[in-house]
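Survey of secondary and tertiary structure
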Amino acid sequence: MLSKIINITEYSGEKLKFVAYPMGGMGAGMICLEGTGTLSHFSLRNKPDIHNEPNVFSAICIKGEKNIARVLEGPVPMYKIFGRGKGMGNGLPGKNYGLPRFRESSFKAIFPFGIVTLKDEEIPLDVQITGWSPFIPGDADNSSLPVAGLEFRFKNTANEKIECVYSFNAFNFMKTGAGNEQVLTVPNGFILDQPPVEEKPWEQGAFCAVVDDLQARVDCSWFRGWMFDTLTILWKNIEEGAAIEKSLPKEEKPSPGASIFVPFQLGPDEEKVIRLRLSWYVPETDLRFGKDEEKSENCGCGYGCKDKADTKEKYKPWYSKRFNNVMEVSDYWGSNYEQLYQKTMEFTRCFYDTTLPGEVIEAVAANLTILKSPTVLRQTDGRLWCWEGCCDETGCCYGTCTHVWNYTQALCHLFPGLERGLRQTEFYESQDEKGHQQFRASLPIRPSSHDFHAAADGQLGGIMKIYREWRISGDTQWLKQIWPKVKLSINYCIDTWDPKKEGILKEPHHNTYDIEFWGPDGMCNSFYLGALKAASLMAKAVGDDYSLYDELYLKCKDFLENSLFNGEYFIQKVQWEGLKARLPLEESNTETRELLMKEGPKYQYGNGCLSDGVIGAWMAEMCGIGEILDSDKVKKHLMSVYKYNLKKDLSTHVNPQRPGYAVGKEGGLLLCTWPKGGKPSLPFIYSDEVWTGIEYQVASHLMSMGYVDEGLDIVRTCRKRYDGSVRNPFNEYECGHWYARAMASYALLQGLTGIRYDAVEKVFYIGPRIKGDFRSFISTETGFGTAGVKDGKPFIEVKSGCIDVRKVVFGTGNIAYRGENIE
């Protein structure tokens, strides 16, 4: 079926070298399938380990007068030979790069499946490797399993019968040096085991590999020798076409690793599929983050992350509560493999059953891999806790940062229950009795200290997202329960940043750029506007007083439209006088003090054209709140961003900040420009950068306003940087790999189609910005399917679960389905 999906990018040649495709469950760890077929990025210990490429490989031997053996991988990318990692200057000992491989490889991603094709003129086989792990919208638990599957498909291209031996081989990469590691046999497979160590319980862990084939033979007694002896003998066995079956070594020293051999024969044009099931189990960690730690040290990313916590309670992964050991995981994986495969395929088939532009589908699907990366953790009560992204060996910027996760639009539609769990954390554990929210949640999730600024965009965005989660779930009782916390939050925002109740955020307000804006700005005031509107709508729904929110909303809207709009775009009016807050002159050094006295607060944008300048209006659109600002002025702002901030060539652009996201002849959407002059000497930090996710936010907003070509232009420019030649197409990064904000790409679906389901009123909304008939994916709390326009009329086809539609709102008119439900 996967082969029938068209318009999928194929990566080969130079565009193959950085491809690494995540496999694994949400919050369960990750293994990447590279474009060559290599397994890498082994991050199984509840934290990233980006450069961890252990000596693990599959191989094939074709027996004959002269046996031919190959590692089931394409050529090793040359950057690995002397480009990064350990041991390069010493010849890469411990790597298997010196073993023969197939001469050609290519890769396709059809989420969550990654497909490697191998070719070699000397090998009479067509070889395809498909890697995957379960991903089933609405089924969070089965989508959170610590498992991955690899299916090796061999087709005989010769005119005669051939005899082959497949093998999977792994050195014991789970061992930590404690000296008590072991390699164990299980039916049709093996376990690489690191038993517990008393003083370091988090070092225990197990990895299991099993093949679904009755002919499988397992060797858990590898040759033990010096230097390169083990790999030398192992390859000799592979090359000879051996199918060895040996139990544990009799001597005390454990085997260095293990192999699974599967002998088989193929007639001309015959095929053979070998399924390799991988699972892992690391139930303990030393992870604890939050302001109540007594002992901590910086992770090295420069953004205040904590690590090396004391003896207090630590994070444990969700799967450690459901399963007792790796064999229970493996047995569940084996017993349910076919069912999970079919349900995952049902989603994939539905998602790709679309006529939307290929670059849109690619951008959405590529960034869904973030949910399979170490960016996401899931604790034993089922709630997610997430990083912003991943450093090489630790998470980056802890606590499901509210102003970063504001942008993500995927989780709320695919796994709404998990998204509501994030709101629970924000409005309970992370919010105090005054309504102040700590925008970085503690891990394990628990009440946070409140000794830092609240984030205006994060906290106000959370209020809009409460409205969104209510409309997606249809659970008004949930809204009533959480409303007192929401009311406390919005009132805190008013009292803190708009104490005079002018409808304007003037007081310094912290935001996603890690600084405070002084005076009113379009970005945060558009968040304020959306939060006030959402609060009013929710207050009405629960029977509470909403008059203040309506009053402030009208004031805020008037101020934004008439005082912050310069005719082309919304700006910031920097203000530091007449406020409760005071400039920290006494805390500054001499040169900083002189600059402050001359220009006012550092890190503002003033007359700049900010890509995030009306993000609150975008959030309101995505959350189902509706139009909150004059649409003509919003359109002008977005088109100004497109005109001034999108650069197709950054060769002459000055960026003294972090250039790695887009540089040289690459293109990208700058965070801010100053087309009318007036750039501060020290504008807000990051202002000259290109950020993943911001591009999708602007692109989807442009699309929703009717500017489809302009939105697609931004998407193409972004994805061009991720073509595999310089960056991994499946790892859009900013402050770390697999950066959460990139999941703003999911909003492209709504931006193009206007498709949204309101579970409160059972209404299916569709307001396409593309002409003619189309098909698109839709996912709701209770089911998913395909929706769009056919013969000029809206339709919805439910593929899994049910979607109770009582009315359709198509464009500006209402079309009723005679009261019938669509199931």
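The structure reproduced in this document is the subject of the present report. (Residues numbered from 1 in each chain as written. Predicted model: local features only at pLDDT ≥ 70, side-chain atom pairs only at ≥ 80, totals over all residues. Heavy atoms only, no water.)

Right, let's talk about the overall build of the protein for a bit. Counting secondary structure elements, the protein contains 17 helices and 36 strands. Here the protein has a C-alpha radius of gyration of 28 Å; the compact-globule value for 823 residues is 28 Å, and the two agree. With the principal axes as the frame, the protein shows a C-alpha extent of 85 × 65 × 55 Å. Within the protein, the fraction of its 823 residues that count as buried is 62%. Considering only residue pairs separated by 6 or more positions, the protein has 69% of its internal contacts joining residues 24 or more positions apart. In the protein, 96 positive and 108 negative side-chain charges are present, and the distance between their average locations comes to 2 Å. (Helix = DSSP H or I, 4+ residues; strand = E, 2+ residues; numbered from the N terminus. Rg over C-alpha atoms; globule rule 2.2 N^0.38 Å. Buried < 20%, exposed > 50% of the residue type's maximum accessible area, 1.4 Å probe, protein only. Contact = heavy atoms within 4.5 Å. Lys, Arg positive; Asp, Glu negative; His and termini not counted. Charge placed at Lys NZ, Arg CZ, Asp CG, Glu CD.)

Let's shift gears to the packing of helix H14 (residues 631-645) against helix H15 (residues 694-704). H15 packs onto H14 with a crossing angle of 135° between their chain directions and a minimal axis gap of 10 Å. Here H15 runs oblique to H14, going by the angle between their axes. Where H14 crosses over H15, the two elements pack in a sense that is left-handed. Of the residues in H15, those touching H14 at Val634, Leu638, Met639, Val641 and Tyr642 are Val698, His701 and Leu702. (Axes fitted to C-alpha atoms, helices over the stretch in contact; angles between N-to-C directions. Parallel < 35°, antiparallel > 145°, perpendicular 65-115°, else oblique. Left-handed = near helix turned anticlockwise from the far one by under 90°.)

Okay, the sheet that holds strand E5 (residues 56-63) next. Here five strands make up an open sheet; going across it, the order is E6-E5-E11-E16-E15 and the pairing antiparallel. Of all the strands in the sheet, just strand E6 (68-71) and strand E15 (217-219) have a single pairing partner and so form its edges. Each strand of the sheet is rotated relative to its neighbour by a mean of 20°, with strand direction disregarded. The sheet contacts of helix H1 (residues 229-239) involve E5, E6, strand E11 (162-171) and strand E16 (257-266), and relative to E5 the element is tilted by about 35°. (Pairing = 2+ DSSP bridges.)

The terminal C-alpha atoms of helix H9 (residues 476-497) lie 30 Å apart, and with 22 residues this matches the ideal 32 Å at 1.5 Å per residue to within 8%. The largest bend in H9 is about 50°, located at Ile482, with the proline Pro484 one to four residues further on. For H9, the complete set of buried residues consists of Trp478, Leu479, Ile482, Trp483, Val486, Ser489, Ile490, Tyr492, Cys493, Ile494 and Trp497. The inward-facing, buried residues of H9 abut helix H7 (416-429), helix H8 (456-473), strand E24 (509-510), helix H10 (522-542) and helix H11 (547-563). By the N-cap criterion, in which a side-chain oxygen at the helix start approaches the backbone nitrogen of a residue two or three places on, H9 is capped by Asp475, the distance to Gln477 being 3.2 Å. (Expected span 1.5 Å × (residues − 1). Bend = angle between axes of the 7 residues up to and from the residue. Polar contact = N/O pair within 3.5 Å; in protein donor to acceptor, adjacent residues only side chain to side chain.)

In terms of residue burial, helix H4 (residues 358-368) counts as a mostly covered element, since 10 of its 11 residues are buried. Buried residues in H4 make contact with strand E1 (10-12), helix H3 (326-351), helix H6 (411-414), H15, helix H16 (708-721) and helix H17 (747-753).

Turning our eyes to something else, we now look at the packing of aromatic side chains. A full pass over the atoms with the stated rule returns 51 aromatic pairs. Look at Phe113 and Trp132: their rings are 5.7 Å apart centre to centre, the planes differ by 25°, and that puts the pair in the stacked class. With a gap of 19 residues between them, Phe113 in strand E8 (residues 113-119) and Trp132 in strand E9 (residues 125-132) connect regions that are remote in the sequence. Neither residue differs from the other here; Phe113 and Trp132 are each classed as buried. (Phe/Tyr/Trp six-rings, centres within 6.5 Å; stacked < 30°, edge-to-face > 60°.)

Further remarks concern the environment of Arg440. Following the sequence through the fold, Arg440 ends up in the loop between H7 and H8. In the structure, Arg440 is positioned 149 residues away from Lys291 in sequence and 9.7 Å away in space, judged by C-alpha atoms. Non-local contacts of Arg440, meaning those with residues more than four positions away in its chain, are made with Glu388, Cys397, Tyr398, Gly399, Cys401 and Ser448. Among the polar contacts listed, one links the side chain of Arg440 to the backbone oxygen of Tyr398, at a separation of 3.0 Å.

The next point concerns the side chain of Ser221. As for its placement among the helices and strands, Ser221 is situated in the loop between E15 and H1. Beyond its immediate sequence surroundings of up to four residues, Ser221 is in contact with Lys246, Ser247, Leu248, Pro249 and Ser255.

What follows deals with unusual backbone geometry. Omega for the bond connecting Phe111 with Pro112 falls within 30 degrees of zero, at 0°, which places this linkage in the cis form. Relative to the assigned elements, Pro112 resides in the loop between strand E7 (104-110) and E8. Each neighbour pair has its own omega, and for Leu443 with Pro444 the value is -10°, a cis peptide bond. Among the secondary structure elements, Pro444 is positioned in the loop between H7 and H8. If you check the backbone angles, Leu92 has positive phi at about 60° while not being a glycine. With respect to the secondary-structure elements, Leu92 resides in the loop between E6 and E7.

Note on placement: Ser259 falls in strand E16. Of the residues examined, Ser259 reaches a relative accessible area of 0% and is grouped as buried. The sequence separation of Ser259 and Cys220 amounts to 39 residues, and the corresponding C-alpha distance is 6.7 Å. Those residues in contact with Ser259 that lie beyond four places of it in its chain are Phe168, Asn169, Phe190, Arg217, Val218, Asp219, Trp222 and Leu234. Within the structure, the side chain of Ser259 is placed 2.7 Å from the side chain of Asn169, a separation counted as a polar contact. A distance of 3.0 Å separates the side chain of Ser259 from the side chain of Trp222, its partner in a polar contact.

As a further point, take the nonpolar core. Judged by nonpolar contacts, the single largest core of 235 residues is most densely connected at Phe154 and Tyr166. In this view, Phe154 contacts Ile60, Leu72, Leu125, Asp126, Val127, Tyr166, Phe264, Leu266, Glu270, Glu271, Lys272 and Ile274; residues no more than four positions away in its chain are not counted. Of all hydrophobic cores here, the second largest spans 15 residues; its members include Cys61, Leu231, Ile238 and Ile244. (Core = buried A, V, L, I, M, F, W, Y, C linked by side-chain atoms within 4.5 Å.)

Attention shifts here to a nonpolar patch on the surface. Together, Met78, Ile81 and Phe82 make up an exposed nonpolar region whose accessible area comes to about 370 Å². When you line up the elements, Met78 lands in the loop between E6 and E7. On the basis of relative accessible area, Met78 is assigned to the exposed category, the value being 63%. (Patch = residues over 30% accessible without salt bridge, like charges linked within 9 Å, V, L, I, M, F, W, Y side chains within 5 Å. Areas by Shrake-Rupley, 256 points an atom, 1.4 Å probe, with all protein chains shown as cover. Salt bridge = Lys/Arg side-chain N within 4 Å of Asp/Glu carboxyl O.)

Take the pattern of salt bridges next. Following the criterion strictly, the structure yields 51 salt bridges and no others. Its salt-bridge partner being Asp141, residue Arg378 comes within 3.0 Å of it at the nearest N-O pair. Of this pair, Arg378 sits in strand E20 (residues 376-378) while Asp141 sits in the loop between E9 and strand E10 (147-156); the two residues are 237 residues apart in sequence, bridging distant segments of the chain. Given the relative accessible area of 31%, Asp141 is considered partly exposed. Across the pair Arg719 and Glu732 runs a salt bridge whose closest N-O atoms are separated by 2.9 Å. Remark: Glu732 occurs in the loop between H16 and H17 and Arg719 occurs in helix H16; sequence separation between them is 13 residues. On the basis of relative accessible area, Arg719 is assigned to the buried category, the value being 5%. Here the salt bridges do not stand alone but share partners, grouping Glu419, Arg423, Glu426, Arg468 and Glu469 into one network.

Before going further, it helps to spend a moment on the pairing of strand E33 (residues 783-790). With seven of eight residues buried, E33 is to be regarded as a mostly interior element. Alignment of strand E32 (residues 774-779) against E33, held across six bridges, turns out to be antiparallel. Bridging from a neighbouring strand, Ser779 pairs with Phe784 of E33. Counting the residues that bridge the hairpin from E32 to E33 gives three residues. Looking at chain direction, E33 and strand E34 (residues 793-801) are connected through eight bridges and run antiparallel. The partner of Lys790 across the bridge, within E34, is Lys793.

The subject of this paragraph is the packing of H7 against H9. It is the contact of H7 with H9, at a shortest axis distance of 10 Å, that shows an interaxial angle of 45°. Taken together, H7 and H9 sit at an angle that is classed as oblique. Here the hand of the crossing between H7 and H9 comes out left-handed. For the pair H7 and H9, the contacting residues are Arg420, Arg423, Phe427 and Tyr428 in the first and Trp478, Gln481, Ile482, Lys485, Val486 and Ser489 in the second.

Note that all results are geometric; they support no functional claim without further evidence.
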